[in-house]
Amino acid sequence: MDLKRNFKTGRAQEARKKLFLPSRFNLVSSIVKAYGLDNAFLRLLDRVDERAFHNLAKSAKIKEKPGLTLPLFSLATEAEYLLTAAIMEKLDNPYLDNARDPEELVLSAPLYRRNPALPPEVLAPRHFAELLAEELEK
Amino acid sequence: MEQLLNSGLEVVIKSGFLYLPLLFDPEIAGEIGSQQGLSRHFSLIRVSGKLFIQTLDLASLAANYHRIHAEEYERRRGEFLRKLWPPAGEGELFLGPNLKAIIFRVLPHFWRRSSGFSRKSLGEGEILDLIREKIEDLPDFGKMAEDLAQSFAWHRSRTLPQRLGWEEPEEPPAPPEEGLIAAKDLRPWLRQVLARKIWEEEKGRLEDSLKEQEELGGISPERRVVLLYLAAVGFLEIDGFGFTRLRLPDEYIIYQRTGEFALKDFLGRVYLFPDCRVAVSTLPPLKPVVLEKYKHPLLQRHAPGQAICISQDFAPPNVFSGPNAIAALEEGVNALFVNYSSRAIRGYHKLGDVKQPYQIVDFDDLKISRDHPGIVSGRIEIKNDFT
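Residues numbered from 1 in each chain as written. Chains lettered and ligands numbered in written order. Predicted model: local features only at pLDDT ≥ 70, side-chain atom pairs only at ≥ 80, totals over all residues. Heavy atoms only, no water.

## A look at the sheet that holds strand 5 (residues 179-182) of chain B
Residues and elements named next belong to chain B.
Line of reasoning, step 1. A sheet is described by the order of its strands in space; here 5 strands give the open sequence 3-4-2-1-5, paired in antiparallel fashion. A single partner strand is all that each edge strand has here, and the edge strands are strand 3 (44-47) and strand 5. Across the sheet, the mean angle from the axis of one strand to that of its neighbour is 40 degrees, orientation sign disregarded.
Line of reasoning, step 2. Of the strand pairs in this sheet, strand 2 (residues 17-21) and strand 4 (residues 50-57) are connected by 5 bridges, and their pairing is antiparallel. Across the sheet, residue Tyr 19 finds its bridge partner in strand 4, namely Gln 54. (Pairing = 2+ DSSP bridges. Helix = DSSP H or I, 4+ residues; strand = E, 2+ residues; numbered from the N terminus. Axes fitted to C-alpha atoms, helices over the stretch in contact; angles between N-to-C directions.)

Okay, structure coming up:
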């Protein structure tokens, strides 16, 4: 009897509509296009260190999360694709899914290193600079 | 297309096809990542280290440009024709297929019935003779007939064969040279190929027009003037049937007058309905309407231009033709005459004293006695009196 109920529940959950979430590629590629990023951004990622993170966080204790219109599916030119793939490889962390501008891309890695347990409900509405400033004060 | 031409993109032309830069996402990149994967896709080519994907056949693009970019095509057509052809004047005669259908197909149908002619079908010449008899009394016909003789000569001069001998545009160039080019370099080719297409279309249209002119030249001058008169004034009414031009060049409203008629209500009381024009236009769908401000149980309000509540079995035709216009007009007139039944609930309103809360039209002012001179003499018929 329990097994039967389990099957039914499992099938009902499978049949339920799932929330569509844009892919990480879609998100990073949209930021690349919206802000016209190029390989200079990659070089910047190599240069930023802990001191730079501190400065960025301190300079923006209260910062508004920027808006970003995401397409359902993103297609990029070859150059944009290579840059997006390189950014994703370099900053490989789950907080990227909630980044909305290049600054948040940069700050996602140090924020994840300091506190990898921040839930999406916290990451989605607040700017990463603000969250990192809080983490640095702890 | 304009967006592509202005984009600054580099495109590739190969075997008559336009190749555009390939766009990527992780799946596409994974699919073509290996050389083996790339070789499986015949629509992909690599030029100068970049990948391009096959998109449009350029010949097909040119052939269907008027469908894909209708507005842009019309603009280009207008620009091209302005160079060759002065703009048509307001008074230009246009003997279009709709006008011919009205004169030679629809008019004889209604005319013959109301004038008591024999059932034999009339030839086009005879129809023009009969119209001439009717319109000769019009005050402006004589002067207009003279003007038309000159106008006709002018009209012919505009479509003389030598006009068709416009300098033929050069053969459309083959698609631009194969290889990597800037998208904007497609523009001269596109301009030339569209100019050629427009020229060929216009030539075909003028040849048809010339053929019509020659047919017109074959009939007698008196009959020709009648036809040209109708084309010029765009209006005629004979024996309750008429048409009037809706807009240039060849759209008309065709109407039939109902004359006075009567309907009776559930208690046998009689209502006199005044004359009105039931009309259909040449612009589909051919739905019968009343032109005048009118009220009737099968009309929703007391207003002009209302669609008549017609039988569900009749679907308003979506194409204008003589038989379709006749069917639609007859459906409209018959609906006003006989579709209202004093016993059945049909239409929007009921004749009589019983007022529904939603009934906004009152027919009391149309009530007449059964001793009305028109009814007694038989001039006015009670259309729904089936007893």
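From this point, the discussion proceeds with the structure in view.
## Some words on the confidence of the model for chain B
Interpretation of the predicted coordinates at a detailed level should be avoided for regions scoring low in pLDDT.
Line of reasoning, step 1. A residue-level look at chain B finds 78% of positions with pLDDT of 70 or above and a mean pLDDT of 79.
Line of reasoning, step 2. Every residue in residues 87-91 of chain B is under pLDDT 50, and counting partners more than four places away or in other chains gives 2 contacts. (pLDDT = per-residue confidence, 0-100. Contact = heavy atoms within 4.5 Å.)

## Some details on the interface of chain B and chain A
Line of reasoning, step 1. Contacts between the two partners involve 10 residues from chain B and, on the opposite side, 7 residues from chain A.
Line of reasoning, step 2. Of the roughly 690 Å² buried between chain B and chain A, counting both surfaces, carbon and sulfur atoms make up 69%.
Line of reasoning, step 3. Of all residues in chain B, Leu 23, Phe 24 and Pro 26 of chain B give up the largest surface area on contact with chain A, accounting jointly for 66% of the area buried on that side.
Line of reasoning, step 4. Among the elements that take part in the side of chain B that touches chain A, helix 2 (residues 26-32) of chain B stands out by supplying 3 residues, more than any other. (Buried area = accessible area lost by both parts, 1.4 Å probe.)

## Some details on unusual backbone geometry
Residues and elements named next belong to chain B.
Line of reasoning, step 1. In this chain, Pro 284 is followed by Pro 285 through a cis amide linkage whose omega measures 0 degrees.
Line of reasoning, step 2. Residue position: Pro 285 is located in the loop between strand 11 (277-281) and strand 12 (289-290).
Line of reasoning, step 3. At Ser 15, a residue that is not glycine, the phi angle is positive and equals roughly 50 degrees.
Line of reasoning, step 4. Checked against the element boundaries, Ser 15 lands in the loop between strand 1 (10-14) and strand 2.
Line of reasoning, step 5. The backbone of Asp 239 shows a phi angle near 50 degrees, a positive value even though the residue is not glycine.
Line of reasoning, step 6. Secondary-structure assignment places Asp 239 in the loop between strand 6 (235-238) and strand 7 (241-247).
Line of reasoning, step 7. With a relative accessible area of 36%, Asp 239 lands in the partly exposed category. (Buried < 20%, exposed > 50% of the residue type's maximum accessible area, 1.4 Å probe, protein only.)

## As for helix 8 (residues 128-137) of chain A
Line of reasoning, step 1. Of all the 10 residues making up helix 8 of chain A, 7 are buried; the element is thus mostly covered by neighbouring parts of the structure.
Line of reasoning, step 2. All of the buried residues in helix 8 of chain A are Phe 128, Ala 129, Glu 130, Leu 131, Leu 132, Ala 133 and Glu 135 of chain A.

## Some details on the nonpolar core
Line of reasoning, step 1. Residues Ile 103, Ile 131, Phe 241, Phe 243, Ile 254 and Phe 273 of chain B are the most contacted members of the largest nonpolar core, which totals 58 residues.
Line of reasoning, step 2. Looking at this core, the element that brings in the most residues is helix 7 (residues 97-115) of chain B, giving 9 residues.
Line of reasoning, step 3. There are two domains that each give this core at least three residues, and those are domain 1 (97-172 + 198-234) and domain 2 (258-377) of chain B.
Line of reasoning, step 4. Counting 29 residues, the second largest nonpolar core, distinct from the first, contains Val 32, Phe 41, Ile 87 and Ala 109 of chain A. (Core = buried A, V, L, I, M, F, W, Y, C linked by side-chain atoms within 4.5 Å. Domains from an automatic or database assignment.)

## Remarks on the packing of helix 4 (residues 50-59) of chain A against helix 8 of chain A
Residues and elements named next belong to chain A.
Line of reasoning, step 1. One can describe the packing of helix 4 onto helix 8 by two numbers: an axis separation of 8 Å at closest approach and a directional angle of 110 degrees. By the criterion of interaxial angle, the relationship of helix 4 to helix 8 is roughly perpendicular. For helix 4 against helix 8, the interelement crossing comes out left-handed. Contacts between helix 4 and helix 8 involve Phe 53, His 54, Leu 56 and Ala 57 from the first element and Ala 129, Leu 132, Ala 133 and Leu 136 from the second.
Line of reasoning, step 2. For the contact of helix 4 with helix 8, the class distribution of residues is 7 nonpolar, 1 polar and no charged. (Parallel < 35°, antiparallel > 145°, perpendicular 65-115°, else oblique. Left-handed = near helix turned anticlockwise from the far one by under 90°. Nonpolar A, V, L, I, M, F, W, Y, C, P; charged D, E, K, R; others polar.)

## Here we look at the pattern of salt bridges
Line of reasoning, step 1. According to the stated counting rule, one finds 22 salt bridges over all chains in the structure shown.
Line of reasoning, step 2. Linking Asp 239 of chain B and Lys 134 of chain B is a salt bridge whose minimum nitrogen-to-oxygen distance equals 3.6 Å. Placement of the pair is Asp 239 of chain B in the loop between strand 6 and strand 7 and Lys 134 of chain B in helix 8 (residues 124-135), with a sequence separation of 105 residues.
Line of reasoning, step 3. Two residues, Asp 365 of chain B and Lys 295 of chain B, come together in a salt bridge whose shortest N-O distance is 2.8 Å. Taken as a pair, Asp 365 of chain B in the loop between helix 13 (322-338) and strand 13 (367-368) and Lys 295 of chain B in the loop between strand 12 and helix 13 lie far apart in primary sequence, 70 residues in all.
Line of reasoning, step 4. Residue Asp 365 of chain B is classed as exposed on the basis of its relative accessible area of 56%.
Line of reasoning, step 5. Several salt bridges share partner residues, and in doing so they unite Arg 24, Asp 92 and Asp 97 of chain A into one network. (Salt bridge = Lys/Arg side-chain N within 4 Å of Asp/Glu carboxyl O.)

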